[in-house]
Amino acid sequence: VGRSESELDAEFFKLSRESWRTRWPQILANLPRRLRHFWVTSHSAMFGVDQPVSSYRAQGRWGPIALRLVLTAYQLALLALGAWGVAVLRGRWTAGARLIVLTMGYFSINVFVDYFPNRYHLPALMVWLAFAGAGAADLVRRARGGAAESTIVGTPS
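Just so you know, these numbers come straight off a predicted model, no measurement behind them.

### Considering the overall build of the protein chain
Part 1 of the argument: Summing up its helical and strand segments, the protein chain has 5 helices and 0 strands in all.
Part 2 of the argument: When the helices and strands of the protein chain are placed in sequence order, the string is α-α-α-α-α.
Part 3 of the argument: With 157 residues in all, the protein chain has 29% of them scored as buried.
Part 4 of the argument: At a minimum sequence separation of 6, the contacts of the protein chain that also span at least 24 residues come to 68%.
Part 5 of the argument: Working note: accessible area of the protein chain is about 9900 Å², and carbon and sulfur atoms make up 65% of it.

As structure tokens, then:
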């Protein structure tokens, strides 16, 4: 309380540097899990499902567990569509596409500073949705028997 966001960020970065200095092997070993949790999350807390799955299981409440599974599957589908979109657009990269990829790297690299990386998840996901849109459009065109093309990034085929 009473501190600016800049002051808090400076404090978090200071703590991060200290953490890296003293715990770097554990942090590196933990990076794959942190990246997975950064990119694959159910966002179920937005719907009041904020306890661990084990807690809901112990209470015999299967609805919150099912909701979390459905939302996680939805998140994975968006990520897969984004990856498909990147594959579709790979031959038509522009400076804007490179900028999007660099932006995704910037958001992801926040897991390295070892403090609150998930505050960057939603902006990263919004950028990724541009690729998911390209992937979804390509899949619809293919289902209709059309040629693959995209005007989202680059130029039409």
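Next comes the rest of the write-up.
### Let's talk about the environment of Trp 84
Part 1 of the argument: Note on placement: Trp 84 falls in helix H3 (residues 62–89).
Part 2 of the argument: Linking Trp 84 and Ala 132, residues 48 residues apart in sequence, is a C-alpha distance of 7.2 Å.
Part 3 of the argument: Those residues in contact with Trp 84 that lie beyond four places of it in its chain are Gly 135, Asp 138, Leu 139 and Arg 142.

### Section: the environment of Val 40
Part 1 of the argument: Counting through the fold element by element, Val 40 comes out in the loop between helix H1 (5–39) and helix H2 (53–59).
Part 2 of the argument: With 33 residues separating them in the primary sequence, Val 40 and Ala 73 have C-alpha atoms 9.1 Å apart.

### Focus on the packing of aromatic side chains
Part 1 of the argument: Summed over the entire model, instances satisfying the criterion amount to 2 aromatic pairs.
Part 2 of the argument: With centroids separated by 5.5 Å and ring planes inclined at 55 degrees, the aromatic side chains of Trp 128 and Phe 131 adopt a geometry described as tilted. In this pair, Trp 128 and Phe 131 are both assigned in helix H5 (residues 121–143), 3 residues apart and thus about one turn of the helix distant.
Part 3 of the argument: Site record: aromatic cluster; members linked through ring pairs are Trp 39, Trp 128 and Phe 131.

Rules used in this analysis
Residues numbered from 1 in each chain as written. Predicted model: local features only at pLDDT ≥ 70, side-chain atom pairs only at ≥ 80, totals over all residues. Heavy atoms only, no water. Helix = DSSP H or I, 4+ residues; strand = E, 2+ residues; numbered from the N terminus. Buried < 20%, exposed > 50% of the residue type's maximum accessible area, 1.4 Å probe, protein only. Contact = heavy atoms within 4.5 Å. Areas by Shrake-Rupley, 256 points an atom, 1.4 Å probe, with all protein chains shown as cover. Phe/Tyr/Trp six-rings, centres within 6.5 Å; stacked < 30°, edge-to-face > 60°.

Such coordinate-based values are descriptive only and should not be taken to indicate function.
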